[in-house]
Amino acid sequence: SMITLAIPTLNRSDFLAKVLNYYADTGYKHRIIIGDSSDDFHSEKLKKSINELRHRLNIIYRWYSPDMSVVKCLDSMLKDVTTPYASVVGDDDFLVPNGLEKCIGFLEAHEDYTGAHGVGARIFVSQSGSQLQVDGVYDYTLSPREEETASERLIRHMSNMSNRIFSVYRTNVLRKMFENVELPDHAIASDLLPGCLSVVQGKTR
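The structure reproduced in this document is the subject of the present report. (Residues numbered from 1 in each chain as written. Predicted model: local features only at pLDDT ≥ 70, side-chain atom pairs only at ≥ 80, totals over all residues. Heavy atoms only, no water.)

### A short note on the side chain of Asn163
With respect to the helices and strands, Asn163 occurs in the loop between helix 5 (150–159) and strand 8 (168–170). Polar side-chain contacts of Asn163 include one of 3.0 Å to the side chain of Tyr140. Here the side chain of Asn163 touches Ile165 through a polar contact of 2.6 Å, landing on its backbone nitrogen. (Helix = DSSP H or I, 4+ residues; strand = E, 2+ residues; numbered from the N terminus. Polar contact = N/O pair within 3.5 Å; in protein donor to acceptor, adjacent residues only side chain to side chain.)

Below, the structure is given as structure tokens:
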């Protein structure tokens, strides 16, 4: 197993069941770690979904107190990762397995890069009964950061910000993006700071 997908979740067992079935149906063969801060109702539903897929997916389940911030949850989850690569994924987000393999291949061949990603898309859907309808697909900007120095990369990132979370990272790099963060759990702690720590640590494409 080369990569672990770290998925924090809170009371969204139906979303996560769809995500897990997606990975099972698309032949994802690596590891998934779930950090579940849900109440008893959603936790039981989620554990049932995991049990139904246990022969098709390699899932590690961890329960965390709902009082624990998502950043501290990720910090704890990433300490359990033993694969050389890892990604953080939302409980309603999908990373394409073939794309993950390409990112791993790129990082294996380019030791001076810390992360790699593909093309991002935001998909808007509406539901009528049990049917989902796609209402629109829009670009979700994921910018490379290939400047040679940490300061150049940080300046470019802060002047042209894009999401840095959903890349494939070397595990030690991803850990440093979330460890020892003593900030309230909002966009600074879960998005802005990890993004800055990503670009300071190295180049991404």
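### Considerations on the sheet that holds strand 8
Read across the sheet, seven strands follow the order 3-2-1-4-8-5-9 without closing on themselves; strand pairing throughout is mixed. In the strand order of this sheet, the two ends are held by strand 3 (58–63) and strand 9 (203–204), each with one partner. Examined bridge by bridge, strand 1 (residues 3–9) and strand 2 (residues 31–36) share six bridges and lie parallel to one another. Across the sheet, Pro8 pairs through a bridge with Gly35, a residue of strand 2. (Pairing = 2+ DSSP bridges.)

### Quick notes on the packing of aromatic side chains
Taken as a whole and assessed by the stated rule, the structure comprises six aromatic pairs. On the basis of an interplanar angle of 55 degrees and a centroid distance of 5.3 Å, the ring pair of Tyr23 and Tyr28 is categorised as tilted. Both residues of the pair, Tyr23 and Tyr28, count as buried. Judged by centre distance (5.5 Å) and plane angle (80 degrees), the ring pair of Phe124 and Tyr138 falls under edge-to-face. With a gap of 14 residues between them, Phe124 in strand 6 (residues 120–128) and Tyr138 in strand 7 (residues 131–140) connect regions that are remote in the sequence. An aromatic cluster is built from Tyr22, Tyr23, Tyr28 and Phe94, whose rings are joined through pairwise contacts. (Phe/Tyr/Trp six-rings, centres within 6.5 Å; stacked < 30°, edge-to-face > 60°. Buried < 20%, exposed > 50% of the residue type's maximum accessible area, 1.4 Å probe, protein only.)

### Here's the deal with unusual backbone geometry
Positive phi, close to 55 degrees, is recorded for Asn11, a residue that is not glycine. Its place among the elements puts Asn11 in the loop between strand 1 and helix 1 (13–25). The partly exposed category is assigned to Asn11, whose relative accessible area is 31%.

### Here we look at the environment of Ile50
In this fold, Ile50 is placed in helix 2 (residues 40–52). Relative accessible area serves as the criterion here: at 11%, Ile50 is assigned to the buried category. It is 27 Å that separates the C-alpha atoms of Ile50 and Ser128, two residues lying 78 residues apart in sequence. Excluding anything up to four places from it in sequence, Ile50 contacts Leu20, Ile34, Ile59 and Tyr61. (Contact = heavy atoms within 4.5 Å.)

### Regarding the pattern of salt bridges
Per the counting criterion, the structure on display carries 13 salt bridges. Ionic pairing is found between Asp91 and Arg12, a salt bridge with its closest N-O pair at 2.8 Å. Here the residue Asp91 occupies a position in the loop between strand 4 (85–88) and helix 4 (97–109), and Arg12 occupies one in the loop between strand 1 and helix 1, the gap between them amounting to 79 residues. Of the residues examined, Arg12 reaches a relative accessible area of 28% and is grouped as partly exposed. Among the ionic contacts, a cluster of salt bridges with common partners joins Arg12, Asp91 and Asp92. (Salt bridge = Lys/Arg side-chain N within 4 Å of Asp/Glu carboxyl O.)

### Structural notes on the pairing of strand 6
Taken together, the nine bridges between strand 6 and strand 7 define a ladder with antiparallel strand orientation. Pairing of Arg122 across the sheet is with Tyr138, part of strand 7.

### Topic: helix 4
An ideal rise of 1.5 Å per residue puts 18 Å on 13 residues; helix 4 measures up with 19 Å between its terminal C-alpha atoms. Looking at helix 4, one finds that the buried residues are Pro97, Leu100, Cys103, Ile104, Phe106 and Leu107. Of the surrounding secondary structure, the elements contacted by the buried residues of helix 4 are strand 1, helix 1, strand 4, strand 5 (113–116) and strand 8. (Expected span 1.5 Å × (residues − 1).)

### Side note on a nonpolar patch on the surface
Together, Ile123, Val125, Leu132, Val134 and Val137 give the surface a local cluster of nonpolar side chains, amounting to about 470 Å² of exposed area. Looking at the nonpolar patch, the elements that each hand over two or more residues are strand 6 and strand 7. (Patch = residues over 30% accessible without salt bridge, like charges linked within 9 Å, V, L, I, M, F, W, Y side chains within 5 Å. Areas by Shrake-Rupley, 256 points an atom, 1.4 Å probe, with all protein chains shown as cover.)

### Details of the pairing of strand 5
A regular strand places its side chains on the two faces of the sheet in alternate fashion. Across two bridges, strand 5 lies against strand 9 in parallel orientation. By the bridge assignment for strand 9, Tyr113 is matched with Lys203. In this structure, strand 5 lies alongside strand 8, joined through two bridges in antiparallel fashion. Its bridge partner lying in strand 8, Gly115 is registered against Tyr169.

The quantities given are spatial measurements derived from coordinates; they are silent on function.
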